[in-house]
Amino acid sequence: MVVMGITGMESLSLSEKAAKMRESLQKSQTITDNVVTILGSFDHRLSALETAMRPTQIRTHAIRKAHENIDKTLKAAEVILAQFDLSRQAESKILRGPHEDLESYLEAIDQLRSNISYFSSNKGFKNSEGVINNANTLLVKAISKLEDEFKQLLASYSKPLEPDRLFECLPNSMRPSSGSPGHNGDSSHKSPSNHHSEQPNGDAETAVFTPPTLIPPRILPLLHDLAQQMVQAGHQQQLQRIYRDTRSTVLEESLRKLGVEKLSKDDVQKMQWEVLEAKIGNWIHFMRIAVKLLFAGERKVCDQIFESFDCLSDQCFAEVTASSVTVLLSFGDAIAKSKRSPEKLFVLLDMYEIMRELHSEIESVFKGKACTEIRESALGLTKRLAQTAQETFGDFEEAVEKDATKTAVLDGTVHPLTSYVINYVKFLFDYQSTLKQLFQEFENGTESDSQLASVTMRIMQALQTNLDGKSKQYKDPALTHLFLMNNIHYMVRSVRRSEAKDLLGDDWVQIHRRIVQQHANQYKRTAWAKILQCLSVQGLTSSGGGGSVATDGGNSSGVSRALIKDRFKVFNIQFEELHQKQSQWTVPDTELRESLRLAVAEVLLPAYRSFVKRFGPLVENGKNPQKYIRYSAEDLERMLGEFFEGKTLNEPKR
């Protein structure tokens, strides 16, 4: 009962709760419906509000855009105003000119260009065209003033160099002393025949030359900036003209002060050789100074002023130096094309040598397409000098062989032609390296050493051929052989004492020494055969009367006293004639002279002693023996010591 009671109570409670819940749900639904109704009403109102506010939103957006545009316009205006301000500043600087403050002036030009660029790219601005035109007009004036400044600055610091200033740039070994070549512009050339050496040329190639400062280093950057502005403005031609006119005049004046002359081919042809030789010596000196100092210095200046404009630099340098190079090369060309003569060979070799020495430097200094003609002119002169020198070789060989000078060498001594040719050949060996280069110019497959040997041998053979012809002028055959002996001996001795010996070889020396000996022997036979015949027993036969002596030294009637007297008489006459004549002859070489006297004495004195010993008693026993036996062997020996001394007829006897 109790359980049932509890259960019944719980059922009643749940029913109540369910009823309450339904009631609550109904209320919630009612509220929800009410809220939906209210919200629907709000949505309608909001739509109406949005519709009402749309015009306001549009106006607000437009106002914001307008503010943004105003800001942009103000900023653009500020930039434009700044450009105008910069233009006014630039204009003010430009109107003042570049002289007071060049750096500021150049900045103003750059600013002006920047303004032109700005307004050209912003042509929407109403006055852009006017601003651009005004700026361009101002820029033209600015560049014009810049040209004047470049011209004035370049001219102010472009001065001709005095010779002493150039000499200071030379290596010590090449600096002239007071009064020496090049110092006064009128040097006397040191003849290559006396002073040339292979060594100085080698020194010249390795010596340090210091190009002079042509324009102060502090001025070069200013000139560079001015030049750069002129190029950017399209004034390159004006720039070239100003630079060429200024620097070329200064360069020419520097060379004129040094002593360089403008000489035509006619001037060269009319000159006396001594004067021309001196001028050639000067020219060699001038070429070295011009290329290694003046032209090298000019190239350095050009490269610095026109840095980053290589073609312009080359063109300006070519135009500045062209006239000076032409003056120098035209003189060399006139020499190369002048009438050939043997004495010119050595100066031609000197000139060829300096052109070879300067070749690499010319190629380096005169680089670039604009300088092509100058490089080719220098190379052309080098080849013409080589050609003329080689042709002069051939002329000399032919001239030696055909020399027909009537220079009388009455005493049989060394002919002037011989000493001239031998000296000539010896001097050639001072130019060995130069000659090798010269032969290589005309390479024909043979070694340059063998070519030089061949040329030398041909010249020596030509000399011998000529001497053979000259020797036939003598009426006395003995003098003919003495003349050839003297001259060939001179050739041999000179070769042995020079570098020619290494080239011609020992065989040549030995062959020609034998020829000298052959002529000495021929002289001895020709000159003394007749007098030795007087001392011979041959032909001494009895002539009946007057006493006699045996030919074997005994007392017999085999030899006539009269015949013996006649032999002594003839001997005396012949010896005195030989003494008078041959004491006027000359053997200039002391050793050869003594050798020849000894060779004669070794034949004559024993024969005379023997003859006197065998046949003298026959004369001594008669009247006036001293009339016949006039000389002792000692007298003859003393008189032989007077042979070949080159005495004159009226010179007293020793």
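Just so it is clear, the structure is predicted and the values come from calculations on it, not from any experiment.

Cut-offs used in this document
Residues numbered from 1 in each chain as written. Predicted model: local features only at pLDDT ≥ 70, side-chain atom pairs only at ≥ 80, totals over all residues. Heavy atoms only, no water. Helix = DSSP H or I, 4+ residues; strand = E, 2+ residues; numbered from the N terminus. Buried < 20%, exposed > 50% of the residue type's maximum accessible area, 1.4 Å probe, protein only. Areas by Shrake-Rupley, 256 points an atom, 1.4 Å probe, with all protein chains shown as cover. Salt bridge = Lys/Arg side-chain N within 4 Å of Asp/Glu carboxyl O. Axes fitted to C-alpha atoms, helices over the stretch in contact; angles between N-to-C directions. Parallel < 35°, antiparallel > 145°, perpendicular 65-115°, else oblique. Left-handed = near helix turned anticlockwise from the far one by under 90°. Nonpolar A, V, L, I, M, F, W, Y, C, P; charged D, E, K, R; others polar. Phe/Tyr/Trp six-rings, centres within 6.5 Å; stacked < 30°, edge-to-face > 60°. Lys NZ or Arg CZ within 6 Å of the ring centre and 35° of its normal. Core = buried A, V, L, I, M, F, W, Y, C linked by side-chain atoms within 4.5 Å. Contact = heavy atoms within 4.5 Å. pLDDT = per-residue confidence, 0-100. Patch = residues over 30% accessible without salt bridge, like charges linked within 9 Å, V, L, I, M, F, W, Y side chains within 5 Å. Lys, Arg positive; Asp, Glu negative; His and termini not counted. Charge placed at Lys NZ, Arg CZ, Asp CG, Glu CD. Expected span 1.5 Å × (residues − 1). Disulfide = S-S within 2.5 Å.

Draft legend 1. Fine view of the overall build of the protein. If you tally the helices and strands in the protein, you get 21 helices and two strands. Looking at the protein residue by residue over its 654 residues, the buried ones come to 43%. Surface summary for the protein: the accessible area is close to 35400 Å², and the carbon and sulfur share equals 52%.

Draft legend 2. Quick look at the pattern of salt bridges. If you walk through the whole model with that rule in mind, you get 29 salt bridges. A salt bridge links Glu357 to Arg288, with the nearest nitrogen and oxygen atoms 2.8 Å apart. Remark: Arg288 occurs in helix H10 (residues 273–305) and Glu357 occurs in helix H12 (residues 345–365); sequence separation between them is 69 residues. By relative accessible area, Glu357 is classed as buried at 6%. One salt-bridge network, held together by shared partners, links Arg299, Asp303, Asp314 and Lys367.

Draft legend 3. Structural detail: the packing of helix H17 (residues 477–496) against helix H18 (residues 500–534). Between H17 and H18, the least distance of the axes is 8 Å, while the angle of their chain directions is 160 degrees. As judged from the angle between their axes, H17 and H18 are roughly antiparallel. Classified by chirality, the crossing of H18 by H17 is left-handed. Here the residues of the contact of H17 with H18 are counted per class, giving 18 nonpolar, six polar and three charged.

Draft legend 4. View of the packing of aromatic side chains. Tallying each qualifying case throughout the model produces 22 aromatic pairs. Measuring from ring centre to ring centre gives 6.3 Å for Trp283 and Phe331, while their planes differ by 40 degrees; the resulting arrangement is tilted. Of this pair, Trp283 sits in helix H10 while Phe331 sits in helix H11 (residues 310–337), and the two are 48 residues apart along the sequence. You can call Trp283 buried: its relative accessible area is 3%. Considering the side-chain rings of Phe393 and Phe439, the 6.2 Å spacing of their centres and the 25 degrees angle between planes classify their relative orientation as stacked. You can see Phe393 sitting in helix H13 (residues 372–402) and its partner Phe439 sitting in helix H15 (residues 432–441), a full 46 residues away along the chain. Of the residues examined, Phe439 reaches a relative accessible area of 3% and is grouped as buried. Over the face of the ring belonging to Phe317 we find Arg299, whose NZ or CZ atom lies 4.4 Å from the ring centre.

Draft legend 5. Spotlight on the nonpolar core. In terms of nonpolar packing, the biggest core is built from 164 residues, with Phe150 and Trp528 touching the most fellow members. Those residues in contact with Trp528 that sit more than four places away from it in its chain are Tyr523, Phe575, Leu578, Gln582, Val600, Leu604, Leu640 and Phe643.

Draft legend 6. Broad picture of the confidence of the model for the protein. Of the residues in the protein, 79% have a pLDDT of 70 or more, and the chain-wide mean is 82. Under a pLDDT of 50 for its full length, residues 184–195 has, in the predicted model, 25 contacts with residues more than four places off or in other chains. Throughout residues 543–557 the model reports pLDDT below 50, and contacts reaching past four residues in sequence, or to other chains, amount to 28 contacts.

Draft legend 7. Local environment of the side chain of Glu147. Note that Glu147 resides in helix H3 (residues 128–156). Filtering out sequence-adjacent residues up to four positions away, Glu147 remains in contact with Met230, His235, Gln238 and Ile242.

Draft legend 8. Just the side chain of Arg247, in detail. Along the chain, the position of Arg247 falls in helix H8 (residues 236–258). Under the relative-accessibility criterion, Arg247 is labelled buried at 2%. What Arg247 contacts, discounting residues up to four positions off in sequence, is Leu154, Ser158, Leu214, Ile215, Glu298 and Val320.

Draft legend 9. Spotlight on a positive patch on the surface. Among the surface-exposed residues, Lys426, Arg496, Arg497 and Arg513 lie close enough to one another that they form a single positively charged patch. A relative accessible area of 40% means that Arg513 is categorised as partly exposed.

Draft legend 10. Examining helix H7 (residues 220–232) more closely. Taking 1.5 Å per residue, 13 residues should reach 18 Å; H7 reaches 18 Å between its end C-alpha atoms and fits that length. Of all the residues in H7, the buried ones are Leu220, Leu223, His224, Leu226, Ala227, Gln229, Met230 and Val231. The positive-phi residue at the C-terminal boundary of H7 is Gly234, with phi of around 80 degrees.

Draft legend 11. Broad picture of the state of the cysteines. Using the criterion set out here, one finds zero disulfides in the structure. Cys302 takes part in no disulfide bond, and the closest cysteine sulfur to it belongs to Cys316, at a distance of 5.4 Å. The exposure class of Cys302 is buried, given its relative accessible area of 0%.

Draft legend 12. Here's a closer look at the packing of H11 against H12. Closest axis-to-axis distance for the H11/H12 pair is 12 Å, and the angle between their directions is 160 degrees. Here H11 lies roughly antiparallel to H12, going by the angle between them. Where H11 crosses over H12, the two elements pack in a sense that is left-handed. When H11 is examined against H12, the residues Phe317, Leu329, Gly332, Ile335 and Ala336 are found in contact with a partner set consisting of Leu348, Met351, Met355 and Val365.

Draft legend 13. Local environment of unusual backbone geometry. Even without being a glycine, Ser308 presents a positive backbone phi close to 80 degrees. Tracing the backbone through its elements, the reader meets Ser308 in the loop between H10 and H11. Since its relative accessible area comes to 55%, Ser308 is described here as exposed. The backbone of Phe644 sits at a positive phi, close to 65 degrees, despite the residue not being glycine. Relative to the helices and strands, Phe644 is located in the segment after helix H21 (633–640).

Draft legend 14. Main features of the environment of Gln269. Its location among the elements puts Gln269 in helix H9 (residues 265–270). Residues Gln269 and Ser338 lie 69 residues apart in sequence; the distance between their C-alpha atoms is 6.7 Å. Among all residues touching Gln269, those that are not within four sequence positions of it are Lys337, Ser338 and Lys339.

Draft legend 15. View of a nonpolar patch on the surface. Among the surface-exposed residues, Ile31, Val35 and Leu39 lie close enough to one another that they form a single nonpolar patch of about 270 Å² accessible area. With respect to the helices, strands and loops of the structure, Leu39 is situated in helix H1 (residues 2–96).

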